[in-house]
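Analysis of the macromolecular model
What follows is the residue order along each chain.
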Amino acid sequence: MNNIDAPDTSRATLAETMREGALAVLVRIPDHTLTRAQAIALCGSADITEHIAEVVDDRAAARCFHVVHAVEHAETYIYVLGGTSTHALAVERLRKTVQALYPTADVTSLEVCQVVPGASAGLAGAWHYVVETDVKPQAENDFNDWYQNEHLPGLASVPGTVLAVRLKNPQGSPRYHACYLLHTREAFGSEPWLAVRATDWASQVRPNFMNTKRTMFTVAG
């Protein structure tokens, strides 16, 4: 099997490559902190590259490797960004191949559904905050309206936010994945950030979250 026949664009940034309607392959590796070079080597190996190309339905689709490390525990997330198509069987084959090397790893295909440039767009993103969650079925419409019209734009407008993105897992759980690329960690928990989180609409929606995981990451250099 051959590697993807695209130029090496792995140094492209998340902000340069995230597009609504695009696909992201997310590789989660608990209990391990992979360097950026190790993560790119993993995703660039022949078998894994072939599977990624199959997931995104384009051998030249993968344009960016975004690698982040959890701050409070050992865990690596690798976002491979690129195409606009997905195949569940290809995702499963990719998962099994990665798990042969890291048994606790998981692979998810995520659809990019909302991208909002931040107040600090253009600055380097050193921090990466993620909220992964399901939501009670009866509250899903309100949840999506809140994220689309208030919450994501509101957090994007906080000084220090470089980019805010929503992704959706159409096949599994957690179904929703929001991530925020931050120039400084101080943006998270700042007065403007907390004000966005404390609106009346947020207080109405948040009790409907289920299976929620919130993680602060650093961006691997």
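Going by the structure above, here's the rest.
My aim in this report is to walk through the structure given alongside it, one point at a time. These numbers were taken from a predicted model, which means no experiment stands behind them. (Residues numbered from 1 in each chain as written. Predicted model: local features only at pLDDT ≥ 70, side-chain atom pairs only at ≥ 80, totals over all residues. Heavy atoms only, no water.)

Turning our attention to the packing of aromatic side chains. This model, assessed by the stated rule, comprises 13 aromatic pairs. Consider the rings of Tyr 77 and Phe 217, whose centres lie 4.6 Å apart with planes at 45°: the pair is tilted. Note that Tyr 77 is positioned in strand S3 (residues 75–81) and Phe 217 in strand S8 (residues 209–219), a separation of 140 residues in sequence. Residues Tyr 77 and Phe 217 agree in their burial class; the two are buried. Site record: aromatic cluster; members linked through ring pairs are Phe 143, Trp 146, Tyr 147, Tyr 176 and Phe 209. (Phe/Tyr/Trp six-rings, centres within 6.5 Å; stacked < 30°, edge-to-face > 60°. Helix = DSSP H or I, 4+ residues; strand = E, 2+ residues; numbered from the N terminus. Buried < 20%, exposed > 50% of the residue type's maximum accessible area, 1.4 Å probe, protein only.)

In helix packing, the relevant descriptors are the interaxial angle and the interaxial distance, both defined with respect to the helix axes. At a minimum axis distance of 5 Å, the contact between helix H2 (residues 36–44) and helix H3 (residues 46–56) shows a crossing angle of 70°. Our classification of the angle between H2 and H3 gives roughly perpendicular. Note on element contacts: H3 touches H2 through Ala 46, Ile 48, Thr 49 and Ile 52, opposite Leu 42, Cys 43 and Gly 44. Across the contact of H2 with H3, the residue classes break down as five nonpolar, two polar and no charged. (Axes fitted to C-alpha atoms, helices over the stretch in contact; angles between N-to-C directions. Parallel < 35°, antiparallel > 145°, perpendicular 65-115°, else oblique. Contact = heavy atoms within 4.5 Å. Nonpolar A, V, L, I, M, F, W, Y, C, P; charged D, E, K, R; others polar.)

So, about the sheet that holds strand S5 (residues 127–135). Judged by pairing direction, the barrel is antiparallel, and its eight strands sit side by side in the order S1-S3-S2-S8-S5-S7-S6-S4 before closing back on the first. In this sheet, neighbouring strand axes are inclined to one another by 30° on average, regardless of whether the strands run parallel or antiparallel. In the sheet, strand S1 (residues 23–30) pairs with strand S4 (residues 106–117) via six bridges, with the strands oriented antiparallel. In the sheet register, Arg 28 faces S4, and the bridge partner there is Asp 106. Set on the sheet, helix H4 (residues 88–101) makes contact with S1 and S4; between it and S4 the angle comes to about 115°. Strands S4, S5, strand S6 (161–168), strand S7 (176–182) and S8 of the sheet are contacted by helix H5 (residues 140–156), whose axis makes an angle of about 165° with S6. (Pairing = 2+ DSSP bridges.)

Here we take up the side chain of His 151. Its location among the elements puts His 151 in helix H5. The contacts of His 151, once residues within four sequence positions are left out, are Trp 146, Tyr 180, Val 196, Arg 197 and Arg 206.

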